[in-house]
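# Survey of secondary and tertiary structure
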Amino acid sequence: MTRYKNEAALIFCTLIWGGTFSATKLSLVSISSCLFIGIRFAIATFVFVIYILLKNRKNPVSYPDWKTNKPLYFLAFLLGFWMFMGFAFETVGLKYTTATKSGFLTGTLVVITPILQTLFLKRMPSSGNLLGVIVVMFGLFFLSAESVGEDHKLVISYHLGDILTLGGAFFFSLYIIYVDKASKSCPLDILLLSQTLVTSVFAFILAFILDWTEFEPLFIKMDDRVMPALFYNGLISSVGTTFLQTKYQKGISPTRAGLIFSLEPVFSAILAYFTLEERLDATGLIGCSLVLTGVLLAELLGREKNFRS
C-alpha cells in the first residue's frame, strides 16, 4: 500500500504539472520567461518559510550544523540548481514551441533518467522498466513527428524551443536522480526551502542577464493572464508538487518515477486541447497511446534491482 500511495502522489504531481504548460504559455505574452520563474518560486519560498516557522513554533526542530554538514547542504543546493536549470530551459523554450510539444519533449526524461541512474547510482533498471522505457521512447517519437507531403512521410522537426526543452528534460532527469539521493539524507524542510529559494534567486539573475544580452527583454504586465498563471504555478504547482515529490519519491526508484512523469505530456496535451485549442493528429494520438502503454507495462512488470560496480 505504501508503494501505491507514493505512486499516486507522483501521478497527482504529474497531472498538476501538465496544466503548467498551458498556464505558462498563456502568460508569456505578458511577462518575460525567467522573471515568471523567479516570481513563481519566490511565492513558493515565502509559503515554505511560513510553513517552517509555524511548524517549528509548535515543535522546534534541530537542523544539522552547517560547519559539520557542508556536503549535506551542498547536496540540497545542487538539487535546487538542477531544478532551476530544468525550469529555465523549459520555460524559455516554451516561448518558441507549442505547449503540447513542450510537454512531449519534456517527457524524454523517461529515456534519460535510467541512463543517469545507472551512471550515478549504480542501480540497473529492471527489465520491465526498460521495456516500458522503450515503448515510451517510440511513443515520444510519434508525438514529435509531423506528417509531411502527399505521401504523409513522418519527419521530426526541432526548432530553438524544442532544443531548449530537450535540455530542460536532461536537467529534470538530473533533478530526479538527486531527489532520490537527497531525500534520504537531508531533512524535508531544508530540501523544500533550498529548491524553491535557489530556483528563484538564479531565475531573477538569469532574467537580468538575458535582458542585458538582448536575448529576452525584461518586462511584465500584471494582467488577467499573468495573475492566474502565477497563482496556479506558484502555489498549486510549485508548493504542492515540490512538497509531494520530495516527500514521496524517495520510496520509488528514479527510473520508475521517470516513467510516471512521462504521463505529463499526455495530461499537457489534453489540457492544451481545451485551453489553447492545440490539436493532435493521428500520429500524435498513436504516440500518446504508446506512452500510456509503456507506463502500464512498467507498472505491471517492473521490479527494481541493485548491483555493485
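Our subject in this report is the structure included herewith. Computed from a prediction, not measured in an experiment: that's the story for all the values here. Note that residues are indexed from 1 along each chain, following the sequence as it is written. The predicted origin of the model limits local features to residues at a pLDDT of at least 70 and limits the giving and counting of side-chain atom pairs to 80 or more, whereas totals for whole chains, interfaces and linings rest on all residues. Hydrogens and water are ignored here; the side-chain numbers use all heavy atoms of the structure.

Take the overall build of the protein chain next. In this description a helix means any DSSP run of H or I spanning at least four residues, a strand means any run of E spanning at least two, and both kinds are numbered starting from the N terminus. Scanning the protein chain for helices and strands turns up 12 helices and 2 strands. For the protein chain, the sequential pattern of α-helices and β-strands runs α-α-α-α-α-α-β-β-α-α-α-α-α-α. Radius of gyration: C-alpha atoms only; globule rule: 2.2 Å multiplied by the number of residues to the exponent 0.38. For 309 residues, the compact-globule estimate of 2.2 N^0.38 gives 19 Å, and the C-alpha radius of gyration of the protein chain, at 19 Å, lies within 12% of that figure. Along the three orthogonal principal directions, the C-alpha set of the protein chain runs to about 70 × 50 × 35 Å. Each residue is assigned to one of three classes by its accessible area relative to the maximum for its type, calculated with a 1.4 Å probe on protein chains only: buried under 20%, partly exposed between the two thresholds, exposed over 50%. Classification of the 309 residues of the protein chain by burial places 53% in the buried group. Of the contacts formed within the protein chain by residues at least 6 apart in sequence, a portion of 88% connects residues at least 24 apart. To be clear on the numbers: accessible area is Shrake-Rupley with a 1.4 Å probe, and residue cover counts the displayed protein chains and nothing else. For the protein chain, the accessible surface area stands at approximately 14600 Å², while carbon and sulfur atoms represent 69% of it. Across the protein chain, the mean location of the 25 positive side-chain charges is 14 Å away from that of the 20 negative side-chain charges. Two residues form a contact once any of their heavy atoms are found within 4.5 Å. When charges are tallied, Lys and Arg are placed among the positive residues and Asp and Glu among the negative ones, while His and the ends of the chain are skipped. The atoms used to mark charge sites are NZ of Lys, CZ of Arg, CG of Asp and CD of Glu.

Grid spacing is 1 Å over the protein atoms alone, the probe is 1.4 Å, and a cavity is where that probe fits but cannot get out, while a pocket is an open set with protein on both sides within 12 Å along at least five of seven lines and lining residues have an atom within 4 Å of a point. Grid points are joined across faces, edges and corners, and a volume is the space filled by probe spheres set on the points. Considered as a void within the structure, the second largest pocket measures approximately 160 Å³ in volume. For the lining of the second largest pocket, the secondary-structure elements that each account for two or more residues are helix H2 (33-58), helix H3 (70-94) and helix H8 (188-212). For the lining of the second largest pocket, the element with the highest residue contribution is H8, accounting for 6 residues. Polarity classes work like this: nonpolar for Ala, Val, Leu, Ile, Met, Phe, Trp, Tyr, Cys and Pro, charged for Asp, Glu, Lys and Arg, and polar for all others, with Gly in that last group. Broken down by class, the residue content of the lining of the second largest pocket amounts to 10 nonpolar, 1 polar and 1 charged.

Take empty space enclosed by the protein next. With the rule as written, the count across this model stands at 2 cavities of 30 Å³ or more. Its boundaries defined by the atoms lining it, the largest cavity holds a volume of some 240 Å³. Taken together, 19 residues form the lining of the largest cavity, with Trp-17, Phe-87, Phe-172, Tyr-175 and Gln-245 sitting closest to its centre. Mapped by element, the contributors of at least two residues to the lining of the largest cavity are helix H1 (2-27), H2, H3, helix H7 (160-182) and helix H9 (226-248). Examining the composition of the lining of the largest cavity, we find that 5 residues originate from one element, H9, more than from any other.

Attention now goes to the side chain of Gln-245. Counting through the fold element by element, Gln-245 comes out in helix H9. Between N or O atoms, a polar contact is any pair within 3.5 Å; within protein, one atom must be a potential hydrogen donor and the other a potential acceptor, and residues adjacent in sequence are included only when both atoms are from side chains. A distance of 2.9 Å separates a polar atom in the side chain of Gln-245 from a polar atom in the side chain of Gln-249. Each residue touching Gln-245, except ones within four places of it in the same chain, is listed here: Leu-10, Cys-13, Trp-17, Tyr-175, Ile-176, Val-179 and Phe-261.

Between 30 and 60 degrees the pair is tilted, below 30 it is stacked and above 60 it is edge-to-face, where a pair is any two Phe, Tyr or Trp rings, Trp via its six-membered ring, whose centres lie within 6.5 Å. If you walk through the whole model with that rule in mind, you get 14 aromatic pairs. Aromatic side chains Tyr-51 and Phe-243 sit 6.3 Å apart centroid to centroid with 80° between the ring planes, which places their arrangement in the edge-to-face category. A residue pair is termed long-range when its members are at least 10 positions apart, and Tyr-51 in helix H2 and Phe-243 in helix H9 qualify at 192 residues. By relative accessible area, Tyr-51 is classed as partly exposed at 32%. Relative accessible area serves as the criterion here: at 25%, Phe-243 is assigned to the partly exposed category. With centroids separated by 5.1 Å and ring planes inclined at 90°, the aromatic side chains of Phe-87 and Phe-172 adopt a geometry described as edge-to-face. Of this pair, Phe-87 sits in helix H3 while Phe-172 sits in helix H7; the two residues are 85 residues apart in sequence, bridging distant segments of the chain. Of the residues examined, Phe-87 reaches a relative accessible area of 10% and is grouped as buried. Assessed through its relative accessible area of 11%, Phe-172 is described here as buried. Three or more aromatic residues joined by ring pairs make a cluster, and in this case those are Phe-74, Phe-77, Phe-81, Trp-82, Phe-84, Phe-89, Phe-170, Phe-171, Tyr-178 and Phe-202. Each ring is checked for a lysine NZ or an arginine CZ that lies within 6 Å of its centre and within 35 degrees of its normal; such an atom marks a charge sitting over the ring. One Lys or Arg, Lys-247, reaches over the ring of Tyr-248 and ends 5.8 Å from the middle of that ring.

Note on placement: Thr-241 falls in helix H9. Among the residues examined, Thr-241 registers a relative accessible area of 3% and is labelled buried. Among the polar contacts listed, one links the side chain of Thr-241 to the backbone oxygen of Ser-237, at a separation of 2.2 Å.

If you check the backbone angles, Glu-214 has positive phi at about 65° while not being a glycine. Inspection of the secondary structure puts Glu-214 in the loop between H8 and H9. Residue Glu-214 is classed as exposed on the basis of its relative accessible area, which comes to 70%.

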